[in-house]
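This is what each chain is made of:
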Amino acid sequence: MSVSTFYLLIGAVLGSIFFFFKPLQVDIATPGELAQIELEHFTVYEVAADGVKTILAGAHASRFPDRYEVDDLNLTDRSEGHVETMQARKGIYKEPLISLDGDVRFRRDDGYTFETQKADYNQSSGDVRAPGSFVLWQAGDRVNGRNLFYNIKSGDIAAKKIVGVYTMKEKM
């Protein structure tokens with residue numbers, strides 16, 4: 001085999017590879033959103049001059065530039081004159097809104113309690129909104145309904161499709 005035939009054969013093989021096999025195109029994907037900080041099984045205490053103000057505990061937390069995401073959230077707040085506890089499977093805090101999702105429970109030291117599947121709490125206004133069904137208890141009374149609105153600061157409560165069981169004491 002002569003040298004020129006050898007080069008023609010190599011050229012034909014390389015040309016057929018280029019013609020029949022297209023080059024692989026690799027798309028460089030933009031990276032997903034990365035958390036700045038991640039915590040596992042944590043408890044965070046916010047301490048003020050008069051003692052512990054807030055306790056936040058959870059199984060997993062991620063801090064992003066604009067929000068915090070917490071799994072198995074348990075938040076205790078003592079800043080509004082009452083001790084209030086909020087629990088949920090997942091919580092997203094994007095100031096001033098806390099969005100709770102999955103087995104949401106709110107309890108206050110005066111006996112006020114409600115349970116729902118989803119709730120949004122606005123810290124600045126004190127509004128709690130639960131768009132789905134809820135169960136509310138206070139002093140032995142029970143109320144079922146939908147679309148709960150509750151203002152923690154003023155105590156105003158509103159809801160739709162309410163069914164309540166109240167215990168009344170007879171006065172003599």
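Residues numbered from 1 in each chain as written. Predicted model: local features only at pLDDT ≥ 70, side-chain atom pairs only at ≥ 80, totals over all residues. Heavy atoms only, no water.

A. Fine view of the overall build of the protein chain. A count of helical and extended segments in the protein chain gives 1 helix and 9 strands. The order of α-helices and β-strands along the protein chain, N terminus first, is α-β-β-β-β-β-β-β-β-β. Compactness check: the protein chain gives a C-alpha radius of gyration of 30 Å against a globular reference of 16 Å for 172 residues, more than 25% above the reference. Along the longest, intermediate and shortest principal axes, the C-alpha atoms of the protein chain span 125 × 45 × 25 Å. Residue burial in the protein chain is summarised as follows: out of 172 residues, 27% are buried. Expressed as a percentage of contacts within the protein chain between residues at least 6 apart in sequence, the contacts between residues at least 24 apart total 26%. Summing over all exposed atoms, the protein chain offers an accessible surface of approximately 12,200 Å²; the carbon and sulfur share of this is 58%. Across the protein chain, the centroid of the 20 positively charged side chains sits 5 Å from that of the 24 negatively charged ones. (Helix = DSSP H or I, 4+ residues; strand = E, 2+ residues; numbered from the N terminus. Rg over C-alpha atoms; globule rule 2.2 N^0.38 Å. Buried < 20%, exposed > 50% of the residue type's maximum accessible area, 1.4 Å probe, protein only. Contact = heavy atoms within 4.5 Å. Areas by Shrake-Rupley, 256 points an atom, 1.4 Å probe, with all protein chains shown as cover. Lys, Arg positive; Asp, Glu negative; His and termini not counted. Charge placed at Lys NZ, Arg CZ, Asp CG, Glu CD.)

B. A look at the side chain of Glu84. Structurally, the position occupied by Glu84 is in strand β4 (residues 84-94). Notably, Glu84 is buried but unbridged: the nearest opposite-charge side chain belongs to Arg108, and the N-O separation is 4.3 Å. When sequence neighbours within four positions are dropped, the list of residues in contact with Glu84 reads Leu75, Thr76, Asp77, Phe106, Arg107, Arg108 and Ile152. (Salt bridge = Lys/Arg side-chain N within 4 Å of Asp/Glu carboxyl O.)

C. Main features of the sheet that holds strand β2 (residues 51-63). Across the sheet, which stays open at both edges, the 9 strands sit in the order β1-β2-β3-β4-β5-β6-β7-β8-β9 with antiparallel pairing between neighbours. Looking at which strands have only one partner, the edges of the open sheet turn out to be β1 (37-48) and β9 (157-165). Each strand of the sheet is rotated relative to its neighbour by a mean of 20°, with strand direction disregarded. Strand direction decides the pairing type here: strand β6 (residues 113-122) and strand β7 (residues 127-138), joined by 7 bridges, are antiparallel. Across the sheet, residue Phe114 finds its bridge partner in β7, namely Leu136. (Pairing = 2+ DSSP bridges. Axes fitted to C-alpha atoms, helices over the stretch in contact; angles between N-to-C directions.)

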